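Each chain, letter by letter, is given below.
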Amino acid sequence: MALLAVGGILILMTNMQVGNLFGARRSTVITLYNGAFDSSSALFLIIKLVHEAGVSLRALFLVLSACSSIHVVRTFFLLPRHFIPYPLPEKYSYGVSCGKAKPQSLESSTENSIKTSAEETPLQTEFGSKQVKSFRDCVMSRFFFWHLIWLSVIQLRHYLFIGTLNPMLQRLTAGEPSLVSKYINAFAATQLCGVLCAPWNGIIMDRYKGKPRAEGESEQEADLRASVLSLALTAFQCVLFSMFASIPSLPLQYATFILQVLNRSFLYGGNAAFISMAFPSCHFGKVYGLVMALSALFSIMQYPCVTLVKDVLNGDPFYVNIGLTILSLLAFVHPISVYLHCRSQAAQRRNKL
């Protein structure tokens, strides 16, 4: 289980860089990877149905292991040895060439300098002539802090909803087992739709980024400007989902389930997309891993909240839901902060002109 958990998240982290190869569709690809990862539990449903048809679990797991060999083959023969840079250097290629640039007969640069410019120093163009930020500078930045708060608050809301779902349904159905089972099955079915919802977040960012750039606006500034709408929309979805979850109405929970899976797919896809935009790609894995680890520590708050609901509030999460809805408003600070940064950058460009 430990190997599956570590291997799974590493596959996600490394493959999200593939989005760098798609230019204008970069955010869509990144969010699609996150949505597919989020909806991978659909494979369990397939295995369950095939197993019930008479195929042994041993045979099914052997087939899964054989299919996993595709990752090994692709890693050695298709992916570059190091990270995939963004923006891509001119003439960048991948596969067996391992990210080396194709030779250019009209240029006088040597083969070594071509290799270096393609893979060893791919981030020179990412921030123009500016020095690439160190990992420490990334962690100490305002972007990192507010992004961590944004992710942690919304993620805590989702974890607590799942943790209190069963007692909430028990209370709303007066303990009727068939009704509880019906709503639990409905909730499980909606979780498979993450792969359908996640790319919409990336499409929103890519289309917004496609607007004409202001004079002097860099690629990174255009990315950040495009992320504001996504961050704000995700925070709004969380508040709306939290409000629906707070209303003690059983039929309304169907809408709550839909909002939950929509918001969760936007959350994790937007998280990865923003990190790839706001920080140098050479630090993507470290920043992404640190953000996820710190947000997981913050999520420990769910345990005292669940204990409060069960032992003090007699299984009624209403007051805890109200408190979390108010806390969710804190997530709006992040898109506002990014918007103010983009406006400040635009004002500096106008002053220079």
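None of these values were measured; they are calculated from a predicted model.

Let us look at the overall build of the protein chain. Scanning the protein chain for helices and strands turns up 15 helices and zero strands. For the protein chain, buried positions account for 43% of its 353 residues. When contacts within the protein chain are restricted to residue pairs at least 6 apart in sequence, those whose partners lie at least 24 apart make up 75%. Accessible area of the protein chain: about 18,600 Å², with a carbon and sulfur share of 68%.

The next point concerns the packing of helix 10 (residues 219-246) against helix 15 (residues 333-352). Two elements in contact, helix 10 and helix 15, have axes separated by 9 Å at closest approach and are oriented at 150 degrees. Regarding the angle of helix 10 to helix 15, the classification is roughly antiparallel. The handedness of the crossing between helix 10 and helix 15 is left-handed. For the pair formed by helix 10 and helix 15, the contact residues are Glu-221, Leu-224, Arg-225, Ser-227, Val-228, Leu-231 and Ala-232 on the first element and His-334, Pro-335, Val-338, Tyr-339, His-341, Cys-342, Gln-345 and Arg-349 on the second.

Here the focus is unusual backbone geometry. Positive phi outside glycine occurs at Ala-174, with the angle close to 60 degrees. Looking at the secondary structure, you find Ala-174 in the loop between helix 7 (142-172) and helix 8 (177-190). For Ala-174, a relative accessible area of 74% gives the class exposed.

A cluster of nonpolar residues, Phe-318, Tyr-319, Ile-322, Ile-326 and Leu-329, forms a patch on the protein surface that exposes about 500 Å² of accessible area. On the secondary structure map, Ile-322 appears in helix 14 (residues 318-328). Judged by relative accessible area, which is 35%, Ile-322 ranks as partly exposed.

Further remarks concern the nonpolar core. Formed by 33 residues in total, the largest nonpolar core has its most connected members in Trp-150, Phe-279, Tyr-288 and Val-338. Of all the secondary structure elements, the ones that give two or more residues to this core are helix 1 (2-15), helix 7, helix 10, helix 11 (253-278), helix 12 (284-298) and helix 15. Residue contributions to this core peak at eight residues, all from helix 11. Residues contacting Val-338, with those up to four places away along its chain left out, are Phe-143, Leu-224, Ser-227, Val-228, Leu-231 and Phe-274. Leu-165, Tyr-183, Phe-241 and Phe-257 belong to the second-largest nonpolar core, a separate cluster that totals twelve residues.

In the structure shown here, the tally under the stated rule is nine aromatic pairs. With a centroid separation of 5.3 Å and 65 degrees between ring planes, the pair formed by Phe-187 and Phe-257 is classed as edge-to-face. Placement of the pair is Phe-187 in helix 8 and Phe-257 in helix 11, with a sequence separation of 70 residues. Residues Phe-187 and Phe-257 agree in their burial class; the two are buried.

Our next topic: the UniProt feature "transmembrane region" (unreviewed entry) in the protein chain. UniProt annotation of "transmembrane region" (unreviewed entry) refers to residues 143-163, 183-205, 226-247, 253-275, 287-306 and 318-342 when read in the numbering used here. Strand forms 0% of residues 183-205 and helix 87%; the C-alpha atoms that close the span are 34 Å apart. Helix makes up 100% of residues 253-275 and strand 0%, and the two end C-alpha atoms of the span are 32 Å apart.

The subject of this paragraph is the side chain of Arg-157. By the element assignment, Arg-157 lies in helix 7. Leave out the neighbours within four places in its chain, and Arg-157 touches Cys-238, Phe-241, Ser-242, Ala-245, Asn-321, Leu-324 and Ser-328.

Mean pLDDT over the protein chain stands at 81; residues scoring 70 or higher make up 89%. A low-confidence stretch, residues 101-129 stays under pLDDT 50, and its non-local contacts, those more than four residues away or across chains, total 46 contacts.

Below, the discussion takes up the state of the cysteines. Within this structure, the stated rule accounts for zero disulfides. No disulfide involves Cys-138; its sulfur sits 7.5 Å from that of Cys-282, the nearest cysteine. You can see Cys-197 has no disulfide; the closest cysteine sulfur is in Cys-193, sitting 6.1 Å from it.

Looking now at helix 10. With 28 residues, helix 10 extends 41 Å from end C-alpha to end C-alpha; this agrees with the ideal 40 Å at 1.5 Å per step. When the local axis directions of helix 10 are compared, the greatest deviation, roughly 25 degrees, occurs at Ser-227. Burial of helix 10 is extensive: 20 of the 28 residues sit out of reach of the surface.

What follows is about the environment of Ser-178. Looking at the element boundaries, Ser-178 is found in helix 8. Separated by 3.0 Å, the side chains of Ser-178 and Glu-176 make a polar contact.

Glancing now at the side chain of His-158. You can see His-158 is positioned in helix 7. A relative accessible area of 3% means that His-158 is categorised as buried.

Along the chain, Leu-233 falls in helix 10. Distance in space between the C-alpha atoms of Leu-233 and Leu-267 is 9.8 Å, their sequence separation being 34 residues. Excluding residues that lie within four positions of it along the chain, Leu-233 makes contacts with Ile-204 and Phe-266.

Reading the values: the criteria
Residues numbered from 1 in each chain as written. Predicted model: local features only at pLDDT ≥ 70, side-chain atom pairs only at ≥ 80, totals over all residues. Heavy atoms only, no water. Helix = DSSP H or I, 4+ residues; strand = E, 2+ residues; numbered from the N terminus. Buried < 20%, exposed > 50% of the residue type's maximum accessible area, 1.4 Å probe, protein only. Contact = heavy atoms within 4.5 Å. Areas by Shrake-Rupley, 256 points an atom, 1.4 Å probe, with all protein chains shown as cover. Axes fitted to C-alpha atoms, helices over the stretch in contact; angles between N-to-C directions. Parallel < 35°, antiparallel > 145°, perpendicular 65-115°, else oblique. Left-handed = near helix turned anticlockwise from the far one by under 90°. Patch = residues over 30% accessible without salt bridge, like charges linked within 9 Å, V, L, I, M, F, W, Y side chains within 5 Å. Salt bridge = Lys/Arg side-chain N within 4 Å of Asp/Glu carboxyl O. Core = buried A, V, L, I, M, F, W, Y, C linked by side-chain atoms within 4.5 Å. Phe/Tyr/Trp six-rings, centres within 6.5 Å; stacked < 30°, edge-to-face > 60°. UniProt positions renumbered as here; feature names shortened; annotations may be inferred. pLDDT = per-residue confidence, 0-100. Disulfide = S-S within 2.5 Å. Expected span 1.5 Å × (residues − 1). Bend = angle between axes of the 7 residues up to and from the residue. Polar contact = N/O pair within 3.5 Å; in protein donor to acceptor, adjacent residues only side chain to side chain.

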